[in-house]
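# Examining the three-dimensional arrangement
Residues per chain, in single letters:
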Amino acid sequence: MNAPYRAEKRRYDYLIVGAGFAGSVLAERLASQHGARVLLIDRRPHIGGNAYDEPNEAGILYHKYGPHIFHTNSEQVVDYLSQFTEWRPYEHRVRALVRGKLVPIPINRTTLNKLFDLDLQTDEQAADYLASRAEPVDEIRTSEDVVINAVGQELYELFFRGYTRKQWGLDPSELDKQVTSRIPTRTNTDDRYFSDTFQAMPLNGYTAMFEKMVDNPLIEVRTGVDFRDVRDEVDADHIIYTGPIDEYFGFRFGKLPYRSLKFDHQTLDQEQFQEVAVVNYPSEDVPFTRISEYKHLTGQEAPVTTVTYEYPSAEGDPYYPIPRPENQALFKRYEALADATDNVTFVGRLATYRYYNMDQIVGQALATFRRIDDKRRAEQPTAVAAE
Ligand SMILES: Cc1cc2nc3c(=O)[nH]c(=O)nc-3n(C[C@H](O)[C@H](O)[C@H](O)COP(=O)(O)OP(=O)(O)OC[C@H]3O[C@@H](n4cnc5c(N)ncnc54)[C@H](O)[C@@H]3O)c2cc1C
């Protein structure tokens, strides 16, 4: 017998909030591997999350939320993403404008030679030079301690103090040591920013890769839709939430602090603006932290070029969790609530209040899928027996 007609309310197996890497990878896996019906929403007018790119009016492919460079040591992540894109080999190089000179960053032998008019020829000479400038700190607690301990006061001031103050709105002495402990110094002349085994850009851009990922009749994508407005309406067995964790719980313990950025995208009537994709401006005399030029990343050829100036800001979209112990403690309170919430999986950078690179988020999403898959397999024999 036919059911009486009712205004149709579609049922989904999953409602996925956020169409960045975390949400899109999970949508793809659940639809393609489990045949699940997925509603994937994002409050922005597009998919791709922070990695979104698009051609601007001049036809230059640019990254709306700042330059995203793909690099990883994970073969599993490369194999997975390669189903949806080809790659353009690209090794990232960054320069810093210091005392009027463009020098490699991370600091390497070339940086020292150029900046201090030296002629260091070997790794050993560079290591000795750095050691002669280092000012050992007894107990390393802050970011300032990390850098002064490694390279001394002058290099700290030239490269780190101003940049960090601008980036975080805090002095390095107020920031956890983890913020700068990741920045390497080198004694050779390798000027690649990353040392990962795989460094490349998606050949036709990130958005094209995302479009392919979610191109499945079982995935319904709705952009410009906020979870807040549909949470009581959508009929889904399970929610995967990749938005801010404090927002999910109505900020009941207070807001998790983030640092934001303002992006000033400019198209210039010249073929090339700078010698590498990214130039950092550590000096506090200029208000922005870096300028990025996309054609270096994409290999696009055109008579004009597009660059982005980044201005750190206290207001705006949440980009960088501020690494202070009290913020972690606040996150832990939200995490405990999340752990006690049935039928909602929290995944991605905003739900876990940590800065992650794209490959780490893909890895996290694939691991989440495996857990869901294991649970399903464990439950399946019972379900079959009950039929
Ligand atoms: C300036 C900058 C540069 C970066 N550069 C690099 C780089 O070079 N290399 C690299 O590997 N990583 C880089 N990253 C990190 C990279 O952006 C992240 O790893 C990646 O975007 C994380 O994916 P995600 O899905 O967790 O989050 P996101 O990409 O942020 O996706 C989350 C999505 O959820 C949506 N959302 C949130 N709340 C709601 C809601 N209530 N309702 C509906 N939708 C919602 C958001 O709109 C967003 O689109 C950079 C980050 C920044 C900020």
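### Focus on the overall build of the protein chain
When you go through the protein chain residue by residue, the secondary structure sums to 13 helices and 17 strands. Dimensions along the principal axes, computed over C-alpha positions, put the protein chain at roughly 90 × 50 × 35 Å. The 387 residues of the protein chain split such that 52% are buried. The long-range fraction of contacts in the protein chain, counting pairs at least 24 apart against all pairs at least 6 apart in sequence, stands at 72%. Working note: accessible area of the protein chain is about 19300 Å², and carbon and sulfur atoms make up 46% of it. Positive and negative charge centroids in the protein chain, built from 45 and 60 side chains respectively, lie 3 Å apart.

### What about the site of the ligand?
Neighbouring the ligand are 31 residues; Asp42, His68, Ile69, Tyr356 and Met358 lie closest to it. Between tyrosine 355 and the ligand, the recorded distance is 3.1 Å, taken from a side-chain N or O atom to a nitrogen atom. The separation between an oxygen atom of the ligand and a polar main-chain atom of methionine 358 is 2.8 Å. Broken down by secondary-structure element, the contributors of at least two residues to the shell around the ligand are helix H1 (21-34) and helix H13 (358-386). Across the shell around the ligand, the residue classes tally to 16 nonpolar, 9 polar and 6 charged.

### With respect to the pattern of salt bridges
Counted by the stated rule, this structure contains 27 salt bridges. Note that aspartate 13 and arginine 11 form a salt bridge whose closest N and O atoms lie 3.9 Å from each other. A relative accessible area of 32% means that arginine 11 is categorised as partly exposed. The residue arginine 43 makes a salt bridge to aspartate 226 at a minimum N-O spacing of 3.1 Å. Separated by 183 residues along the polypeptide, arginine 43 in the loop between strand S2 (38-42) and strand S3 (53-55) and aspartate 226 in the loop between strand S10 (219-223) and helix H8 (227-230) bring together distant segments of the chain. In the salt-bridge network here, residues are joined through shared partners; they are Glu91, Arg93, Arg95, Asp190, Asp191, Arg192 and Glu275.

### Some points on helix H4 (residues 123-133)
Because the α-helix completes a turn every 3.6 residues, residues three or four places apart line up on one side. Those residues of H4 that fall on the buried side of the exposure criterion are Ala126, Tyr129, Leu130 and Arg133. Looking down the long axis of H4, one finds its buried residues gathered within 95 degrees of arc, a one-sided arrangement. Exposed residues lying more than 90 degrees from the buried face of H4 are Glu124, Asp128, Ala131 and Ser132. Where the residues of H4 are buried, they touch helix H3 (109-116) and helix H5 (143-168).

### Focus on the sheet that holds strand S5 (residues 71-72)
Strand order in the open sheet formed by 3 strands is S5-S9-S6, with antiparallel pairing between adjacent strands. With one partner strand each, in any of the chains shown, S5 and strand S6 (87-89) form the two edges of the open sheet. Two elements, S5 and strand S9 (residues 198-202), share 2 bridges in a ladder whose sense is antiparallel. In the strand pairing of S9, threonine 72 is matched with phenylalanine 198.

### Side note on the environment of arginine 222
Topologically, arginine 222 is positioned in strand S10. As a C-alpha pair, arginine 222 and alanine 19 span 203 residues in sequence and 9.3 Å in three-dimensional space.

### Considering the packing of aromatic side chains
Centre distance and the angle of the planes are the two values used to describe a pair of aromatic rings. Summed over the entire model, instances satisfying the criterion amount to 26 aromatic pairs. For the pair tryptophan 87 and phenylalanine 198, a centre-to-centre distance of 5.1 Å together with 85 degrees between the ring planes defines the contact as edge-to-face. Placement of the pair is tryptophan 87 in strand S6 and phenylalanine 198 in strand S9, with a sequence separation of 111 residues. Judged by its relative accessible area of 18%, tryptophan 87 is buried. Seen from the ring of tyrosine 65, arginine 44 lies directly overhead, with NZ or CZ sitting 4.0 Å from the centre.

### Comments concerning the pairing of strand S14 (residues 290-293)
A regular strand places its side chains on the two faces of the sheet in alternate fashion. Burial along S14 is two-sided: Arg290 and Ser292 and Ile291 and Glu293, pointing in opposite directions, are all buried. Note: strand S13 (residues 278-280) against S14, 3 bridges, orientation antiparallel. Of the residues in S14, the one forming a bridge with valine 279 is isoleucine 291.

### Points about the pairing of strand S1 (residues 11-17)
Buried residues dominate S1, accounting for 6 of its 7 residues. For S1 and strand S11 (residues 235-241), the ladder comprises 6 bridges, and the chain directions are parallel. Bridging from a neighbouring strand, isoleucine 16 pairs with isoleucine 240 of S11. Of the pairings in the sheet, the one linking S1 to S2 comprises 4 bridges and is parallel in character.

### Side note on the environment of alanine 365
Mapped onto the elements of the fold, alanine 365 is located in helix H13. Using a relative accessible area of 0% as the deciding quantity, one classes alanine 365 as buried. With 18 residues separating them along the chain, alanine 365 and valine 347 place their C-alpha atoms 7.0 Å apart. Sequence-distant contacts of alanine 365, defined by excluding residues within four places in its chain, comprise Ala22, Val25, Leu26 and Val347.

### Focus: the confidence of the model for the protein chain
Looking at the protein chain as a whole, its pLDDT mean stands at 93, while 95% of the residues score no less than 70. Here residues 1-7 scores under 50 on pLDDT; set against residues more than four positions off or in separate chains, the count is 0 contacts.

### Topic: the sheet that holds S2
Pairing is parallel across the open sheet formed by 5 strands, whose spatial order is S10-S2-S1-S11-S17. Whereas interior strands pair on both sides, the edge strands pair on one side only; in this sheet they are S10 and strand S17 (344-346). The average angle at which neighbouring strand axes cross in this sheet is 20 degrees, direction not considered. With respect to the sheet, H1 is in contact with S1, S2, S10 and S11, its orientation differing from that of S2 by roughly 170 degrees.

Definitions and limits used
Residues numbered from 1 in each chain as written. Predicted model: local features only at pLDDT ≥ 70, side-chain atom pairs only at ≥ 80, totals over all residues. Heavy atoms only, no water. Helix = DSSP H or I, 4+ residues; strand = E, 2+ residues; numbered from the N terminus. Buried < 20%, exposed > 50% of the residue type's maximum accessible area, 1.4 Å probe, protein only. Contact = heavy atoms within 4.5 Å. Areas by Shrake-Rupley, 256 points an atom, 1.4 Å probe, with all protein chains shown as cover. Lys, Arg positive; Asp, Glu negative; His and termini not counted. Charge placed at Lys NZ, Arg CZ, Asp CG, Glu CD. Near = heavy atom within 4 Å. Polar contact = N/O pair within 3.5 Å; in protein donor to acceptor, adjacent residues only side chain to side chain. Nonpolar A, V, L, I, M, F, W, Y, C, P; charged D, E, K, R; others polar. Salt bridge = Lys/Arg side-chain N within 4 Å of Asp/Glu carboxyl O. Arc of directions from axis to C-beta. Pairing = 2+ DSSP bridges. Phe/Tyr/Trp six-rings, centres within 6.5 Å; stacked < 30°, edge-to-face > 60°. Lys NZ or Arg CZ within 6 Å of the ring centre and 35° of its normal. pLDDT = per-residue confidence, 0-100. Axes fitted to C-alpha atoms, helices over the stretch in contact; angles between N-to-C directions.

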